[in-house]
Every structure is written in C-alpha cells, then in structure tokens.
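A look at the structure
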Amino acid sequence: MATTRTLGRVAKALLAPALAIGATVGLASAPASAAVWNSCAQYGNTSLNGYTLYNNIWGSGAGSQCIWANSGTNWGVWANHPNTGGIKSYPNSDKVINKSITSLGSLSSSYNVSVPSSGAYETAYDIWDTNHQYEIMLWMNKTGPVGPLGTSQGNVTLGGHSWTVYKGTNGSNQVFSFVRTSNSGSGTVNVLPILKWIKDTKGWYGNVTIGDFQFGFEITSSSGGLNFTVNSESVSSS
C-alpha cells in the first residue's frame, strides 16, 4: 500500500523546537549500559561524532516514541504507534555531505540493524539534494503493509543490491525509491552508482548537490511498543 510522503518531516526535524509527545513513557528500550543521550521529545535531536540524531515524530495520529544513543552510529528507538495507516515517524541519524554528484569520488554506507518481526515499517536511507527538490530512498528491509510512493520503473542491480525502482512525487519534491528485492539487516551499499544512474541513465535530475544523508526507521505502526536498533552504521565519502 503506497504511503503519502511530505517534505514536512525534514523541515520539522531541522527547525521545530523539542515538544512533549503526549503520554510519558520510560526508556525501557535503552541498552543495559546507560546511553549517552536519550529523548522522548517529539523533535528531540542531538549531534554526536559527526552525525545528528532526530527522534522526528512527524506524522498525524502518532503515539509515543523515545530515542537513545550511545553514539551517532549506535542508537535506537522504542516506539508505540497505533495500528493505523500513515507514517508516524522517521527517527534517523543524519550526516551532511554537501558535494555535487560529479565531484564525489565515492559515497557508501554500511549498516547493521535489529528490527521487530511485527508492526509496519521500513529501514531506509533518505538522501536529499540541498534544495530539497529530490529525495532518494533506499529501502533495506520492510515489514507489514507499507509501500513506496509512485509507480514501478522495473528492477535494477546497483551498488551491490537488487532493487525495484519507484518514481513519484508528493507535491513538494520528486521521490525515487529503491526497494530491495529481499530484506537485509546488515551489509554495505555503494550509493554513488545509484545517484549516477538516476542522473546519467534516467536523466531524472542534473548535477545536484547531495546534502542530508539520513538512515533510520520509517514507522507506520508499532502497537504495544517495539524496539528498533542500529547496532552500527557508517557513512563515508570522498
């Protein structure tokens, strides 16, 4: 089932003040060792070792969610969102690239996540140009009734993975979604060939500058409270 996506979650995550999100919940999801940072605020955020973490509860009808972090690349959330349609949140870590596609020599990322077997969500990279005209999503795994925006453009193998590609718009920006043909909880993705394929092979954009490079969990429902953990992550570029 296609989900409606808006630019609002990015703007809110970057600009909105931290707000309480309703019911108070404990950080039962935090690891046994005390996290160096945690927040249950709607737009709670912090910067750790070159990454910015966002709790980012941006969708309507959301429940409670708390984020914790040991570092910018080891973090997680406990989320209790009702079993209703529509994206509720996109907790994520963000690394700013600020390089044009043609000036990039390399851009890759490694990931290792632990995710629940129930609920409705996907683990996804969300990559933006600096003008927020184009959004490139890489879905590494998905569970439940979730689906990308737009229409299928067929299958392609790029960056070390096989994808089904979708192209659409949410009214604010173009969205290009690469949905992995099978779920993956860990691995490495070579992102630059994907960006170049969109530019050079498909001509869907020109030599845009890549800005925010986000990785996290886009959660539609997690009724009863579910844990999502980034065990490790890295983003490298040259």
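So, here's what we can say about the structure. Residues take numbers from 1 onward in each chain, read along the sequence in its written order. Predicted model: local features are reported for residues with pLDDT of at least 70 only, side-chain atom pairs are reported and counted for 80 or more only, and whole-chain, interface and lining totals are derived from all residues. To obtain the side-chain values, all non-hydrogen atoms of the structure were used and water was disregarded.

Next up on the list: the pattern of salt bridges. Salt-bridge detection follows one rule: a side-chain nitrogen of Lys or Arg within 4 Å of a carboxyl oxygen of Asp or Glu. Under the defined criterion, the tally for this structure stands at one salt bridge. For the salt bridge of lysine 199 with aspartate 200, the shortest nitrogen-to-oxygen distance reads 2.8 Å.

Classification of ring pairs rests on two measures: the distance between centres of Phe, Tyr or Trp rings, Trp counted by its six-membered ring, which must be within 6.5 Å, and the angle between planes, read as stacked under 30 degrees, edge-to-face over 60 and tilted in between. By the definition in use, this model includes 14 aromatic pairs. By way of ring pairs, the aromatic residues Tyr134, Trp163, Phe176, Phe178, Trp197, Trp204 and Tyr205 are connected into one cluster. Whether a charge sits over a ring depends on NZ of Lys or CZ of Arg being within 6 Å of the ring centre and within 35 degrees of the ring normal. The ring centre of tyrosine 51 lies 4.8 Å from the NZ or CZ of lysine 95, which sits over that ring.

The next thing to look at is the state of the cysteines. In this description, a disulfide is simply a cysteine sulfur pair whose atoms lie within 2.5 Å. Taken as a whole and judged by the stated rule, the model has one disulfide. Paired through a disulfide, cysteine 40 and cysteine 66 show a sulfur-sulfur distance of 2.0 Å. In this structure, the disulfide formed by cysteine 40 and cysteine 66 twists by about 105° around the S-S bond and is classed as right-handed. A residue pair is termed long-range when its members are at least 10 positions apart, and cysteine 40 in the loop between strand S1 (37–39) and strand S2 (45–48) and cysteine 66 in strand S4 (residues 64–71) qualify at 26 residues. You can call cysteine 40 partly exposed: its relative accessible area is 27%. Each helix corresponds to a stretch of at least 4 residues labelled H or I by DSSP, and each strand to a stretch of at least 2 residues labelled E; elements are numbered beginning at the N terminus. Buried, partly exposed and exposed residues are distinguished by accessible area as a fraction of the type maximum, computed with a 1.4 Å probe on protein chains only: under 20%, between the cut-offs, and over 50%, respectively.

A pair of strands is considered paired only if DSSP assigns at least 2 bridges between the two. One open sheet accounts for six strands, arranged S1-S4-S5-S15-S7-S13; its pairing is antiparallel. The open sheet has two edge strands with one neighbour each: S1 and strand S13 (186–190). Taken over all neighbouring pairs, the strand axes of this sheet differ in orientation by 20° on average, direction set aside. Contacts between helix H2 (residues 192–202) and the sheet are confined to strand S7 (107–114) and S13, with S13 contributing the most and set at about 45° to the helix. With axes taken as lines fitted to C-alpha atoms, and helix axes fitted only over the stretch in contact, angles between N-to-C directions fall between 0 and 180 degrees. Contact between two residues is taken to exist if any of their heavy atoms lie within 4.5 Å; hydrogens are not considered.

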